[in-house]
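Letter by letter, the chains look like this.
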Amino acid sequence: MTKIKVFFIVMLLCIVSLSAFGQKVQYRCGDYNAPLDNQIKPHLTIINTGPTTLYLSRLTARYYYSKDTVSREMFYVDYARIGGGNVTGTFSADYIEIGFTYVAGILYPGQSTGDIQLRLNKVDWSAYNENNDYSYDGSQTSYTDSEKITLYLDGNLIWGIEPGSQEPPAATEPPEIIPAELPTPQPGSMAFIETDGMIVMETESFTGNIAGTGSYADFSWIEQPDSLSSGGIYMYASPNSGISSANSTDAPKMEYLINLTSDNAVWYVWVLRKGFSASDDSCGTGFDDGTKYEWHYGTSWSWSWVKSGQNYNLPAGYHTFNLWMREDGATIDKIILTKDNLYYPTGTGPDETPQEGTEPTPAPTPLPTDVSTPEPTNEPGIVSVALQYKCGDLNISDQHIKPHIHIVNTGTATIELSEMTIRYYYSNESTSGDVFYVDYGAINNNYITEYIANNVTGTFYDGYLEIGFTPEAGVLEPAIDTLEIMVRINKEDWSNYDESDDYSCDISKTTYTDWDQIPVYINGTLVYGQEPSVSTPVPTAEPTAEPTAEPTAEPTAEPTAEPTAEP
């Protein structure tokens, strides 16, 4: 057989193997005439050519490229038919991993995701050189199959050829991950016990909290209070200096001893987190001090759940779950390990899993049940909110005031935002008028972000700004919705403010913190916070009135009605 025939047979086998799983990636270049500019714009679509219906949240794709510098990068979704908010991006050393939220939905046989138009740039806006990038093809101006963009199902390669490999993916079972060494439980170790295929852990319930070593000796995980977090406490990677440990295991680490009863099960990892900027929105996770998987979970000013792109096949028995600092400033509140790939936590998630060595809480003795048919009730829900604040401008004597405000509905009643007002107290110090701007406004929950900046209003009164909302702003649902607004004030003559004595300003609050000096009202009634007062009045005794004899009314004769002649 000639070499040419062998070559064509190999190529045919590759094509057959590439489509054996029934999913593929097509690509076009979004900026084909600019390989040396400061942006990368891959456009993708994923097509399900097989017979199986798939949740998009099970798929990830990798676009390989070279960064060429040490600058951090930003990820954007310019357009996606499935919704830009349902597409995620996680940076690795030589690729961007594209994933999907559970809300992205289902990919039926024969269906495609439609356009997914992505964009990357560096924080310092320096240029890329895409000419040598593995996944880049400037000649692709229309969608074409691309085996240089790899696709994974539950972490297993199903389409494309990774850099350095000559072989397409083979239809094999997911590889078993062998832990480096299974920990031996100690008496009183308090291992979390698998319950109903799940383990739920508050981050402050660690088995071990190990400070950083080497270059990261000054870094550690510390507890921080937050009334809006699960349990009122979260863990914070301190200090927040913009440092990334990348894949180094010298970074500070928290350990959680767990006891798995399911043998050789695949486990998925969720974390409840905040991410205030692109320099503190990542962590490292793994098991049994093995490989540190780095993942960027993205920015969010409110607590929300994010699923790791890495899953783990573990035997039954004791293991240690590792949570490393990747970037200092990271804030993480809760961890869920689950066998259900389709599970999606809501709110602050389920209660923490029982631990070995703890006594179960005795169930209360049930009271006798009234079997009579209850009368229907229509009681209103409880109206309650909590507010957090951070100072958006740390210069207290410049031309702007920039309060950033985060509100969550902590009650049981749905709140119409048009019925809510917020007062920010400050002093103008001049006769110039003020001007109000909204830099950002959104309602966030675990599924979507609804932008409402155009529906936020500002009204100036003597001594305070009242922030309100139009009817189009919508509602704040209990437990799941959070409101995020960033507003800005300046004077018409652009003179400076002096915020040093402003009641609602606190420049020490550089991250969202509970703050009762910005009161919140529902229909004019104070529901959160405290209004300013010049001084606390001293209560004085009310004078006691002497009883006065009531005058006795003289009886009045009732008038006698004149008879009316009947017609």
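Thresholds, definitions, all that
Residues numbered from 1 in each chain as written. Predicted model: local features only at pLDDT ≥ 70, side-chain atom pairs only at ≥ 80, totals over all residues. Heavy atoms only, no water. Helix = DSSP H or I, 4+ residues; strand = E, 2+ residues; numbered from the N terminus. Buried < 20%, exposed > 50% of the residue type's maximum accessible area, 1.4 Å probe, protein only. Contact = heavy atoms within 4.5 Å. Areas by Shrake-Rupley, 256 points an atom, 1.4 Å probe, with all protein chains shown as cover. Disulfide = S-S within 2.5 Å. Pairing = 2+ DSSP bridges. Axes fitted to C-alpha atoms, helices over the stretch in contact; angles between N-to-C directions. pLDDT = per-residue confidence, 0-100. Salt bridge = Lys/Arg side-chain N within 4 Å of Asp/Glu carboxyl O. Phe/Tyr/Trp six-rings, centres within 6.5 Å; stacked < 30°, edge-to-face > 60°. Core = buried A, V, L, I, M, F, W, Y, C linked by side-chain atoms within 4.5 Å.

(A) The overall build of the chain, seen in detail. Each helix and strand counted, the chain has 1 helix and 38 strands in total. Sorting the 567 residues of the chain into buried and exposed places 47% on the buried side. Long-range pairs, those at least 24 residues apart, make up 77% of the contacts in the chain with a sequence separation of at least 6. Carbon together with sulfur atoms contributes 53% to the accessible area of the chain, which is approximately 28,700 Å² in total.

(B) Spotlight on the state of the cysteines. Across all of its chains, the model carries 0 disulfides by this definition. For cysteine 505, which is in no disulfide, the shortest distance to another cysteine sulfur is to cysteine 391 and amounts to 4.6 Å.

(C) Highlighting the sheet that holds strand β11 (residues 149–153). Taken together, 5 strands build an open sheet; the order of strands is β6-β7-β4-β11-β12 and the sheet is antiparallel. Either end of the sheet is taken by a strand with one partner, and the two such strands are β6 (87–91) and β12 (156–159). Between one strand axis and the next, the sheet turns by 30° as a mean value, whatever way the strands run. Relative to strand β7 (residues 95–100), strand β4 (residues 59–64) runs antiparallel, the two sharing 4 bridges. Note on β7: the bridge partner recorded for tyrosine 63 is isoleucine 96.

(D) Looking closely at the confidence of the model for the chain. Taken as a whole, the chain shows an average pLDDT of 81; of its residues, 80% reach a score of 70 or greater. This model gives residues 172–183 a pLDDT under 50, and the stretch forms 22 contacts once residues within four places in sequence are excluded. Confidence drops under pLDDT 50 across residues 360–379; counting only partners more than four residues distant or on other chains, this segment forms 0 contacts.

(E) Broad picture of the pattern of salt bridges. By the definition in use, this model includes 15 salt bridges. Residues aspartate 145 and lysine 24 are paired through a salt bridge, measuring 3.3 Å at the closest nitrogen-oxygen approach. Of this pair, aspartate 145 sits in strand β10 (residues 144–145) while lysine 24 sits in strand β1 (residues 23–29); the two residues are 121 residues apart in sequence, bridging distant segments of the chain. Between aspartate 154 and arginine 58 there is a salt bridge whose closest N-O contact spans 2.5 Å. You can see aspartate 154 sitting in the loop between β11 and β12 and its partner arginine 58 sitting in the loop between β3 (54–55) and β4, a full 96 residues away along the chain. A relative accessible area of 15% places aspartate 154 in the buried class. Given the relative accessible area of 26%, arginine 58 is considered partly exposed. Through salt bridges that share partners, Glu294, Arg326 and Glu327 make up one connected network.

(F) Representation of the packing of aromatic side chains. Under the criterion given, the structure shown has 19 aromatic pairs. What links up through ring pairs into an aromatic cluster is the set Tyr27, Tyr63, Tyr65 and Tyr128.

(G) Local environment of the side chain of threonine 421. Considering the arrangement of structural elements, one finds threonine 421 in strand β29 (residues 420–425). Every residue in contact with threonine 421, bar those within four places of it in the chain, is listed here: Glu466, Ile467, Gly468, Pro519, Val520 and Tyr521.

(H) Local environment of the environment of alanine 237. Summarising the element assignment, alanine 237 is placed in strand β17 (residues 233–238). Separated by 92 residues in the primary sequence, alanine 237 and glycine 329 have C-alpha atoms spaced 5.0 Å apart. Discounting chain neighbours no more than four positions away, the residues touching alanine 237 are Ser220, Trp221, Met325, Glu327, Asp328, Gly329 and Ala330.

(I) Molecular detail of the pairing of strand β21 (residues 293–296). The pairing of strand β20 (residues 282–287) with β21 spans 4 bridges and is classified as antiparallel. Bridge assignment links serine 282 to a residue of β21, and that residue is histidine 296. Adjacent in sequence and paired antiparallel, β20 and β21 are bridged by 5 residues, among which aspartate 288 carries a positive phi angle near 55°.

(J) Fine view of the sheet that holds β29. One open sheet accounts for 5 strands, arranged β32-β33-β29-β37-β38; its pairing is antiparallel. Each edge of the open sheet is held by one strand with a lone partner, namely β32 (456–461) and β38 (525–528). Neighbouring strand axes in the sheet, compared pairwise and without regard to direction, differ in orientation by 30° on average. The sheet contact formed by β29 and strand β37 (residues 520–522) spans 3 bridges and is antiparallel. By the bridge assignment for β37, isoleucine 422 is matched with valine 520.

(K) Spatial organisation of unusual backbone geometry. Residues serine 238 and proline 239 are joined by a peptide bond in cis, for which omega reads -5°. For aspartate 154, which is not glycine, the phi torsion reads 55° and is therefore positive.

(L) Looking closely at the nonpolar core. Counting residues in each nonpolar core, the largest one holds 33 residues, and the members touching the most others are Leu387, Ile407, Met420, Phe469 and Leu483. Elements with a minimum of two residues in this core: β26 (385–391), β27 (403–409), β29, β30 (434–444), β33 (464–469), β35 (482–491) and β37. Apart from residues lying up to four places away in sequence, leucine 483 is in contact with Ile405, His406, Ile407, Leu417, Met420, Ala442, Ile443, Ile452, Phe469 and Leu476. In terms of nonpolar packing, the next biggest core, distinct from the first, is built from 32 residues, Leu260, Trp267, Cys283 and Met325 among them.

(M) Representation of the side chain of glutamine 39 in the model. Relative to the elements of secondary structure, glutamine 39 occurs in the loop between β1 and β2 (42–48). A relative accessible area of 17% places glutamine 39 in the buried class. Setting aside residues up to four positions removed in sequence, glutamine 39 forms contacts with Asp31, Arg119, Leu120, Asn121, Trp125, Tyr128 and Glu130.

(N) Representation of the environment of methionine 74 in the model. On the secondary structure map, methionine 74 appears in strand β5 (residues 73–80). The spacing of methionine 74 and leucine 120 is 46 residues in sequence and 5.7 Å in space, taken between C-alpha atoms.

(O) Summary view of the environment of serine 300. Along the chain, the position of serine 300 falls in strand β22 (residues 300–307). Serine 300 sits in the buried class, given a relative accessible area of 11%. Serine 300 has contacts with Arg273, Lys274, Gly275 and Phe276, leaving out every residue within four places of it along the chain.

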